[in-house]
Amino acid sequence: MTMRSLRVRDALVYRDHVQAIKSGLVSIIFTCNQLIHLYSNHGLWQEAHKLFDEMPHPNVFSWNAIIMAYIKAHNLTQARTLFDSASHRDLVSFNSMLSAYAGADGYETQALNLFNRMQSARDTIGIDEFTLTTMLNLAAKLRKMDMALNVFWKNPELNDTVSWNTLIAGYAQNGYMEKSLTLLVEMIENGIGFNEHTLATVLSACSGLKCLKLGKSVHAWVLKKGYSSNQFISSGIVDFYSKCGNIRYAELVYSEIGIKSPFAVASLIAGYSSQGNMTEAQRLFDSLSERNSVIWTALCSGYVKSQQCEAVFRLFREFRTKEALFLMQ
């Protein structure tokens, strides 16, 4: 490998490696581990593996570093080969592979098998909060919420705010809105503190159920906890009131948002549209200096639902014109 063949950022990595070799630091296992991380962070997988192979006695951190290098490269086959051949493995090793499998399409079976292996060797491997959250996300991805609930309650000592949020969100994302709200009550009864992620998920459930009373309570919590400045939550409140048909409240919350997110704008446009008020929907649309596809789609959908075909075609022509101008810039 020559310096000329490297990109500028990779040349800096190579330079650091050379300096480490010259100073004799490369013999220190800690430095080697750091260099493996450095190489992998810059996409130099072959160089990372070459350095790993040159280490006479790699420790568990060395194995974890090279396994993670291949996970970052999306080469899960090679990562698993290294995992299986590792002379040292710890919970980080297992969690790295588990998370990689759970997050990739087509590897769900491998994730489940690895988790079962971790469970059966719990005394030697163990599981932690990260393991639990990974499995809850996987169960939600597979739409196996019974499995998620089973894993959750089998590990009560690991149930913190993050795992509760993940479980509640999993039920909401799979359409089980009432169950997600029931879990919120259980979460509070168990003395677990909620945060902005909890509130955002519950708002989504309230919107789906059009549960105005509970949604207003969540809004009160938001104000009490000082989360109203959170753009994501404020946008969720706009969406909630819009879907519940309470446009006045939606407008009030929208007016207090500093930087209007496309989601908040689209939610209010959809709220106007649901009440047949396309004049206000168009006025809001026209007041925007920037519009993305979400906002264009919200207004177009409103006109479609109100059966204003000419307005739909007009909007489509305007969109095509704007798109052409953008491409010419």
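These numbers were taken from a predicted model, which means no experiment stands behind them.

Conventions we followed
Residues numbered from 1 in each chain as written. Predicted model: local features only at pLDDT ≥ 70, side-chain atom pairs only at ≥ 80, totals over all residues. Heavy atoms only, no water. Helix = DSSP H or I, 4+ residues; strand = E, 2+ residues; numbered from the N terminus. Expected span 1.5 Å × (residues − 1). Buried < 20%, exposed > 50% of the residue type's maximum accessible area, 1.4 Å probe, protein only. Contact = heavy atoms within 4.5 Å. Polar contact = N/O pair within 3.5 Å; in protein donor to acceptor, adjacent residues only side chain to side chain. Disulfide = S-S within 2.5 Å. Core = buried A, V, L, I, M, F, W, Y, C linked by side-chain atoms within 4.5 Å. pLDDT = per-residue confidence, 0-100. Salt bridge = Lys/Arg side-chain N within 4 Å of Asp/Glu carboxyl O. Axes fitted to C-alpha atoms, helices over the stretch in contact; angles between N-to-C directions. Parallel < 35°, antiparallel > 145°, perpendicular 65-115°, else oblique. Left-handed = near helix turned anticlockwise from the far one by under 90°. Nonpolar A, V, L, I, M, F, W, Y, C, P; charged D, E, K, R; others polar.

> Tell me what's going on with helix α8 (residues 129-141), and back it up with residues and numbers.
Taking 1.5 Å per residue, 13 residues should reach 18 Å; α8 reaches 18 Å between its end C-alpha atoms and fits that length. Those residues of α8 that fall on the buried side of the exposure criterion are T131, L132, T133, T134, M135, L136, L138, A139 and A140. Those residues of α8 that are buried are in contact with α6 (91-103), α7 (108-120), α9 (145-154) and α10 (161-173). Among the residues of α8, the N-terminal cap falls to D128, whose side-chain oxygen and the backbone nitrogen of F130 are separated by 3.1 Å.

> Pulling in residues and values, what's your account of the state of the cysteines?
Taken as a whole, this structure holds 0 disulfides when the rule is applied. Sulfur of C244: no disulfide; nearest cysteine sulfur belongs to C211 and is 7.7 Å away. For C244, a relative accessible area of 21% gives the class partly exposed.

> Tell me about the environment of F83, residues and numbers included.
Relative to the assigned elements, F83 resides in helix α5 (residues 76-85). Take F83: its relative accessible area is 0%, and that puts it in the buried class. Considered as a pair, F83 and F94 are 11 residues apart in the sequence and their alpha carbons are 8.3 Å apart. Contacts of F83, omitting those with residues within four sequence positions, involve I67, R89, S93, F94, M97, L114 and R117.

> Let's hear about helix α11 (residues 177-189): which residues, and what values?
Between the first and last C-alpha of α11 there are 19 Å, a value that for 13 residues agrees with the 18 Å anticipated at 1.5 Å per step. Tucked inside the fold, the buried residues of α11 contact α9, α10, α12 (196-209) and α13 (212-225). Remark: G191 follows α11 within two positions and exhibits a positive phi of approximately 75°.

> With reference to specific residues and values, describe the nonpolar core.
Membership of the largest hydrophobic core comes to 97 residues, with the highest contact counts inside it found for I66, L167 and I269. Those residues in contact with I66 that lie beyond four places of it in its chain are I36, A48, H49, F52 and L82.

> Which residues make up unusual backbone geometry, and what values do they have?
Residues other than glycine predominantly adopt negative phi, and peptide bonds predominantly adopt the trans conformation. The phi dihedral of K210 is positive, around 55°, even though this residue is not glycine. Relative to the assigned elements, K210 resides in the loop between α12 and α13. Although it is not a glycine, Q307 adopts a positive phi angle of roughly 60°. Mapping Q307 onto the fold places it in the loop between α18 (293-305) and α19 (309-328). Accessibility expressed as a relative area gives 67% for Q307, which makes it exposed.

> I'd like a description of the side chain of E108, backed by residues and values.
Structurally, the position occupied by E108 is in helix α7. Other than its neighbours up to four places away in sequence, E108 contacts Y101, L138, K141 and L142.

> I'd like a description of the confidence of the model for the chain, backed by residues and values.
Summary statistics for the chain give a mean pLDDT of 88 and a share of 89% for residues scoring 70 or more. When the criterion is pLDDT under 50, residues 1-6 qualifies, and its contacts beyond four places in sequence or with other chains add up to 8 contacts.

> Lay out the pattern of salt bridges with the relevant residues and their values.
On inspection of all chains with the given rule, the structure shows 10 salt bridges. E54 is paired through a salt bridge with K50; the nearest N and O atoms lie 2.6 Å apart. One salt bridge in this structure joins R283 and E280, with 2.8 Å as the shortest N-O distance. Here the residue R283 and the residue E280 both occupy positions in helix α17 (residues 278-286), the gap between them amounting to 3 residues, near one helical turn. Taken together, the shared-partner salt bridges connect D105, E108 and K141 into one network.

> Give me the lowdown on the packing of helix α16 (residues 262-274) against α17, citing residues and values where you can.
Two elements in contact, α16 and α17, have axes separated by 7 Å at closest approach and are oriented at 160°. If you check the angle between α16 and α17, you find them roughly antiparallel. Judged by the twist between their axes, the crossing of α16 over α17 is left-handed. Residues V265, L268, I269, Y272 and S273 of α16 form the contact with α17, whose own contacting residues are M278, E280, A281, R283, L284 and F285. Residues belonging to the contact of α16 with α17 are distributed by class as follows: 8 nonpolar, 1 polar and 2 charged.

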